[in-house]
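# Coordinate inspection notes
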Amino acid sequence: MDAGIIDTIKQYASQKRFPDNTLYTSISVQNIEKIAVNYKVRSRDIEITALESDIVPERYTRNMKSLSVTDQAILLKSTVGIVGLGGLGGMATEILARIGIGKLILIDGDSFEESNLNRQLLSSHDKIGFPKAEAAEKRVREINSSVETRYHIEYLSENNGAHLIEGSDVIVDCLDNLKTRFTLEQAAKKNKSPLVSGAVAGNTGQVTTIFPEDSGLNLIYGNPGTLPEKGVEATLGTLPHAVALVSTLECAEVIKILLNKGGILRNKLLIINPFENLFEVMELY
Amino acid sequence: MSIIIRIPGSLKEWLDNQEEAVCQGNTIQECFNYLENNFPGFCDRIIDDKGEMSNVLIFLNGENIRNMEGLDTKVNPDDEIGIIPLAAGG
């Protein structure tokens with residue numbers, strides 16, 4: 001990065017205190033955007049440069065110290081693909097944009113309908129009929145101007161899967177049917193990207209992480225040839241608190257993978273049911 | 001021979017409000033038949049009119065029985081059968 005940019009970032013930076021009274025050096029969103037415009041550089045690159053100089057963009061101060069400035073820069077350099085932008089994907093978009101994933105690839109061919117309103121964060125009365133991918137892109141711009149987006153108003157298929165998710169460091173499976181989940185898994189393996197997969201039915205949900213060399217969804221669901229397209233959610237519905245919880249757990253997996261931290265649910269299935277206070281990890285063989 | 005069956009709390013009404021039960025049999029199907037005698041309606045919740053496991057995932061010691069011999073999968077003493085809802089929604 002141009003030494004002039006680094007000097008300008010330092011000029012705009014100021015000393016602040018965390019809630020625990022320790023000092024940090026901060027730079028505001030407004031100043032980041034001003035520098036980005038002046039130097040014709042992407043604002044996320046300004047944020048990465050600031051972090052590498054131990055200056056915290058103010059929008060990420062509450063990510064510190066659970067995340068280090070190095071961690072935050074890694075997230076800003078990362079690309080995450082979110083496939084399916086309904087209940088799980090809408091919440092995942094919100095969380096991953098707020099924590100500061102540098103680029104989000106947003107994929108869904110569907111538009112909002114009234115039956116989505118119970119659980120899909122990006123849906124609202126005025127967005128009925130509006131494409132979910134476009135709504136997600138708009139929401140990201142409202143939340144975090146440094147996050148780049150690429151959105152596709154397209155359903156993922158065998159023909160376009162690998163192309164749509166190209167460039168993703170991690171992919172999040174937020175789909176609503178089994179057939180496309182298996183198609184996405186194949187595309188993720190082809191791209192050599194880890195896949196975080198979540199699913200919900202009624203009050204119950206589950207999350208797992210699949211690396212390219214793992215058996216993956218087959219261990220959970222078995223041979224896809226014999227499976228129905230939908231699960232028991234066709235009968236039990238999909239409740240918002242279970243959706244939000246599963247989506248949150250998917251995002252935690254994404255962050256753990258990107259930062260190489262924590263216990264990843266690889267060859268494991270985390271099963272949750274908030275009505276039964278159930279959090280159980282099942283080993284998959 | 002004694003086989004353990006475990007189900008999540010959300011399905012415990014299937015086993016008269018228990019999350020675990022002991023059953024007997026040489027195959028998964030025989031174990032389910034045993035449970036049907038003790039918990040009438042158990043099999044109907046798992047196997048649909050076409051004989052398919054449409055709403056649940058069944059694991060024997062953590063391995064999905066769809067990748068084994070299905071309901072005809074042989075079981076051994078102290079094996080554990082786990083059942084969870086087949087969730088695919090988002």
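Given the structure is predicted, the values throughout are model-derived calculations rather than measurements.

Residue and element names in this part refer to chain A. Here the residue pair Met-64 and Lys-65 is connected by a cis peptide bond, since its omega of -5° sits within 30 degrees of zero. With respect to the element layout, Lys-65 can be found in the loop between strand 3 (55–57) and helix 4 (69–76). Of note, Asp-54 is a non-glycine position whose phi angle comes to about 65°, a positive value. Mapped onto the secondary structure, Asp-54 falls in the loop between helix 3 (43–52) and strand 3. Residue Asn-260 is not a glycine yet carries a positive backbone phi of 55°. Topologically, Asn-260 is positioned in the loop between helix 11 (240–259) and strand 10 (268–273). In this structure Asn-260 comes out as exposed when scored by relative accessible area, which is 69%.

The next point concerns the environment of Ile-46 of chain B. All names here are of chain B. Secondary-structure assignment places Ile-46 in helix 2 (residues 42–46). On the accessibility criterion, Ile-46 (1% relative accessible area) is buried. Along the primary structure Ile-46 and Phe-32 are separated by 14 residues, whereas in three dimensions their C-alpha atoms are 9.1 Å apart. Filtering out sequence-adjacent residues up to four positions away, Ile-46 remains in contact with Trp-14, Phe-32, Glu-52, Met-53, Ser-54, Val-56, Ile-58 and Ile-83.

Residues and elements named next belong to chain B. Within the open sheet, the five strands sit side by side as 2-1-5-3-4. Their pairing is mixed. Each edge of the sheet is formed by a strand with only one pairing partner; in this case those strands are strand 2 (20–23) and strand 4 (63–64). The pairing of strand 3 (residues 56–60) with strand 4 spans two bridges and is antiparallel. The residue bridging Phe-59 from the neighbouring strand is Asn-64, located in strand 4.

Residues and elements named next belong to chain A. Considered domain by domain, chain A is made up of domain 1 (3–73) and domain 2 (78–283). Taken together, the contact between domain 1 and domain 2 spans 13 residues of the former and 13 residues of the latter. Summed over both sides, the interface between domain 1 and domain 2 buries roughly 970 Å², with carbon and sulfur atoms accounting for 34% of that surface. On the domain 1 side of the contact with domain 2, Arg-44, Arg-59 and Asp-71 bury the most area, a combined 50% of that side's loss. Inspection of the region where domain 1 meets domain 2 yields three salt bridges. For the pair domain 1 and domain 2, the number of links is 12 residue pairs in polar contact (both at pLDDT 80 or more). Within the residue set of the side of domain 1 that touches domain 2, elements represented by two or more residues are helix 2 (29–39), helix 3 and helix 4. Looking at side-chain class alone, the side of domain 1 that touches domain 2 contains four nonpolar, three polar and six charged residues.

The rules we used
- Residues numbered from 1 in each chain as written.
- Chains lettered and ligands numbered in written order.
- Predicted model: local features only at pLDDT ≥ 70, side-chain atom pairs only at ≥ 80, totals over all residues.
- Heavy atoms only, no water.
- Helix = DSSP H or I, 4+ residues; strand = E, 2+ residues; numbered from the N terminus.
- Buried < 20%, exposed > 50% of the residue type's maximum accessible area, 1.4 Å probe, protein only.
- Contact = heavy atoms within 4.5 Å.
- Pairing = 2+ DSSP bridges.
- Domains from an automatic or database assignment.
- Buried area = accessible area lost by both parts, 1.4 Å probe.
- Salt bridge = Lys/Arg side-chain N within 4 Å of Asp/Glu carboxyl O.
- Polar contact = N/O pair within 3.5 Å; in protein donor to acceptor, adjacent residues only side chain to side chain.
- Nonpolar A, V, L, I, M, F, W, Y, C, P; charged D, E, K, R; others polar.

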